[in-house]
Structures are given as C-alpha cells and as structure tokens.
Amino acid sequence: MKEQAIKKVNTIGKVGAIISKIISILLIMGMIGSLIGTIACYALPKELVTVKLNGSAIVTSDVSKIKTLSENQQKDLSESFQEAQEGNGSFDVNGSDYYIGDYSVNKNGFTLDCHANLTSFNMRNIANVCLIGFISCVFAYINVFAIHKLCKELRDCQSPFEEGIIKKLQFVGYSFIPWVFISGITSAVIQNLLGGSFAFSFNGSVVILVLVILGLSYIFKYGALLQAESDETL
C-alpha cells in the first residue's frame, strides 16, 4: 500500500512537472510579446492610433398601470427634458456622464435616448495595457516556477513528508502573495481606461488561497515530525 501511494504521488509530480513546464514556456512567450508591445507603443507617436468609445442608454418609464399623465404633466416633463438637453444636463452611470440626446413624452410615461463619451485610447494607453500584461506574466511565471519545483520534488520523493516538499510548498504559497495587490491594481487600471473610475479592490480569495497552501505546508511539516518520531521508535 505504501509503495502504491508513493508511486501515485510520483506520477502526479511527473505530470505536474510536464504541464507546468509547458505553461512556463507559454508565459515566457507572453512576457516577450508584451514587452515588445510596450516598447513599440511607447516609441511610436502618441496620436498614431486613437480609439474613441461612445456609449448609449435608453431610459423608459411606463406609469400606465398606476395612472396616466395629464397634458400639463406631459408639458412640464417635456420642458424639463428640453432644459436639460439645452443646458447639457447629465446623470452619472458607473462613473460616466450621460447626456440627453432625444426624448419623447406621452400619457403613459417617457423615453430618454442618452449618449456618453466613455473614453479614448491612444498609443500610450495601449502601451500601459501591454505593460500590465508583462507584469502579470512575470508574476504568473513565478507562480508556475514554484509549482514546477514542487512537482519535481513530488516526482522524485520517497515520502510526501520530505523537507524539500515542505519548503517548495511554502514557496508556492508565498509566490501567490503579490496577486493580492496585482489583480486589484490591474482591474482598476483597465476599468479606468474603459472610462470608469479608478477603484482599487483587495483580492480576498487570493489571501484565502495563500493561507490554505501555507496551512498545508505546516500540516506536512507536522507529518514529517510524526514520521521521524515513528522511525526513532522503530
């Protein structure tokens, strides 16, 4: 039974080492590509490529099931919408200002056709996205590198409680710590580029993952101590 269990651990380690090696090669390719893209976009003229994103929103209110609007109420609504339209009145949706482009009012309610200039891209913005991609690939490579080292230890081990496995498992846990901040910063920057507000978020799920991995490493460490005591007793 013991030999079969060790053999399964070795097999898992062997498969994991092969897969992590392939992923690491892909990540290196991603790092090279994103780095070249970053340098190229910073080197090219800023206004070489400009992309403008616009948005639209249709706001409809139907009050027919409650009441109908009188002619005076319809007139007041139309005047209010016209004043807002002429005065460039706007309302905020997810950090973007929407302006009234067209409107219609009847006894059942009203409909607003609104538009917004969400954001615009130039070569520097594209360069920043490439830079974020490069940084993400670097830290992802560190994760995969740590996992690859752990898998190699599992592939060659005689016991899952060896010191090398415990250290590599701790290394895997520590390698995920930067993602607590990187994932939040990355999503905030991309959201800002797409016209939203810059809002940093804290990735709690990564914290849980790190704690679980480090917890497993200490469980394995305790198992190693029990195994050592058992060997001394024998």
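As a starting point, this report considers the structure included with it. Keep in mind that what you see is a predicted model, and the values were worked out from it rather than measured. (Residues numbered from 1 in each chain as written. Predicted model: local features only at pLDDT ≥ 70, side-chain atom pairs only at ≥ 80, totals over all residues. Heavy atoms only, no water.)

**A few points about the overall build of the protein chain**
Cut-off, in case you're wondering: Put simply, DSSP marks the helices as runs of H or I at least four residues long and the strands as runs of E at least two long, and each gets a number from the N terminus on. For every residue, the accessible area (1.4 Å probe, protein chains only) is compared with the maximum for its type, and the residue is labelled buried under 20%, exposed over 50%, or partly exposed between those bounds. Throughout, a contact is declared for two residues whenever any of their heavy atoms are within 4.5 Å. Computed with a 1.4 Å probe, the accessible areas rest on the Shrake-Rupley method; for each residue, only the protein chains presented here act as cover.
The helix and strand inventory of the protein chain stands at 6 helices and 4 strands. Ordered by position from N to C terminus, the α and β elements of the protein chain give α-β-α-β-β-β-α-α-α-α. Out of the 234 residues in the protein chain, the part that is buried amounts to 30%. Contacts spanning at least 24 positions in sequence make up 73% of the contacts within the protein chain whose residues lie at least 6 apart. For the protein chain, the accessible surface area stands at approximately 14900 Å², while carbon and sulfur atoms represent 63% of it.

**What to know about the packing of helix H3 (residues 123-156) against helix H4 (residues 163-175)**
Put simply, the rule is: Helix axes are fitted to C-alpha atoms over the stretch in contact, other axes to C-alpha atoms as well, and angles between N-to-C directions run from 0 to 180 degrees. An angle counts as roughly parallel when it lies under 35 degrees, as roughly antiparallel when it exceeds 145, as roughly perpendicular when it falls between 65 and 115, and as oblique in every other case. For any helix crossing, the convention is left-handed if the near helix is rotated counterclockwise from the far helix by under a right angle, and right-handed if that rotation is clockwise. Each residue receives one of three labels: charged for Asp, Glu, Lys and Arg, nonpolar for Ala, Val, Leu, Ile, Met, Phe, Trp, Tyr, Cys and Pro, and polar for the others, Gly being one of them.
Where H3 meets H4, the closest approach of the two axes is 9 Å, and the angle between their N-to-C directions is 165 degrees. The pairing of H3 with H4 is recorded here as roughly antiparallel in orientation. Handedness of the H3/H4 crossing: left-handed. Contacts between H3 and H4 involve Ile 142, Asn 143, Phe 145, Ala 146, Ile 147, Lys 149, Leu 150, Glu 153 and Leu 154 from the first element and Gly 164, Ile 165, Lys 168, Leu 169, Phe 171, Val 172 and Ser 175 from the second. Grouping the constituent residues of the contact of H3 with H4 by class yields 10 nonpolar, 3 polar and 3 charged.

**Quick notes on the nonpolar core**
What counts is decided by this rule: Put simply, buried Ala, Val, Leu, Ile, Met, Phe, Trp, Tyr and Cys residues joined by side-chain atoms within 4.5 Å make one nonpolar core.
By size, the foremost hydrophobic cluster in this structure holds 18 residues, and its most contacted members are Leu 150, Val 172, Phe 176, Trp 179 and Val 206. Only H3, H4, helix H5 (179-193) and helix H6 (204-233) provide two or more residues apiece to this core. The element best represented in this core is H3, accounting for 5 residues. Sequence-distant contacts of Leu 150, defined by excluding residues within four places in its chain, comprise Ile 165, Lys 168, Leu 169 and Val 172.

**Quick look at the environment of Ala 224**
Its place among the elements puts Ala 224 in helix H6. As for Ala 224 and Glu 162, which are separated by 62 residues in sequence, their C-alpha atoms are 6.7 Å apart. Setting aside chain neighbours within four positions, we find Ala 224 in contact with Phe 161 and Ile 166.

**What about the state of the cysteines?**
Quick note on the threshold: Disulfide: a pair of cysteine sulfur atoms within 2.5 Å of each other.
For the structure on display, the rule yields 0 disulfides. Just so you know, Cys 130 is unpaired, no disulfide at all, and the nearest cysteine sulfur is the one on Cys 41, 4.7 Å from it.

**Concerning the environment of Gly 101**
Along the chain, Gly 101 falls in strand S3 (residues 96-106). Look at Gly 101 and you get partly exposed, because its relative accessible area is 34%. Taking C-alpha positions, Gly 101 is 5.5 Å from Asp 113, a pair spaced 12 residues apart along the chain.

**Some details on the packing of aromatic side chains**
What counts is decided by this rule: Centres within 6.5 Å make a pair out of two Phe, Tyr or Trp rings, where for Trp the six-membered ring is used; the pair is then stacked when the planes are under 30 degrees apart, edge-to-face when over 60, and tilted otherwise.
Applying the stated criterion across every chain, the model contains 3 aromatic pairs. Their ring planes at 50 degrees and their centres at 5.7 Å tell us that Phe 161 and Phe 220 sit as a pair that is tilted. Here Phe 220 lies in helix H6 and Phe 161 lies in the loop between H3 and H4, a separation of 59 residues in the sequence.

**Quick word on the pattern of salt bridges**
We apply this condition: Each reported salt bridge corresponds to a side-chain nitrogen of Lys or Arg within 4 Å of a carboxyl oxygen of Asp or Glu.
Counted under the stated rule, the structure contains 3 salt bridges. Between Lys 168 and Glu 153 there is a salt bridge; the shortest N-O distance is 3.6 Å. Here Glu 153 lies in helix H3 and Lys 168 lies in helix H4, a separation of 15 residues in the sequence. Judged by relative accessible area, Lys 168 falls into the partly exposed class, the value being 22%. On the basis of relative accessibility, which here comes to 24%, the residue Glu 153 falls in the partly exposed class. Between Arg 155 and Asp 156 there is a salt bridge, with its nearest N and O atoms 3.1 Å apart.

**Looking at the side chain of Ser 217**
Note the following rule: As used in this structure description, the phrase polar contact means that two N or O atoms lie within 3.5 Å; if the pair is within protein, one of them must be able to donate a hydrogen and the other to accept it, and residues adjacent in sequence are counted only when both atoms belong to side chains.
Assignment of secondary structure puts Ser 217 in helix H6. Within the structure, Ser 217 has its side chain in polar contact with the backbone oxygen of Leu 214 (distance 2.5 Å). Those residues in contact with Ser 217 that lie beyond four places of it in its chain are Ile 166, Leu 169 and Gln 170.

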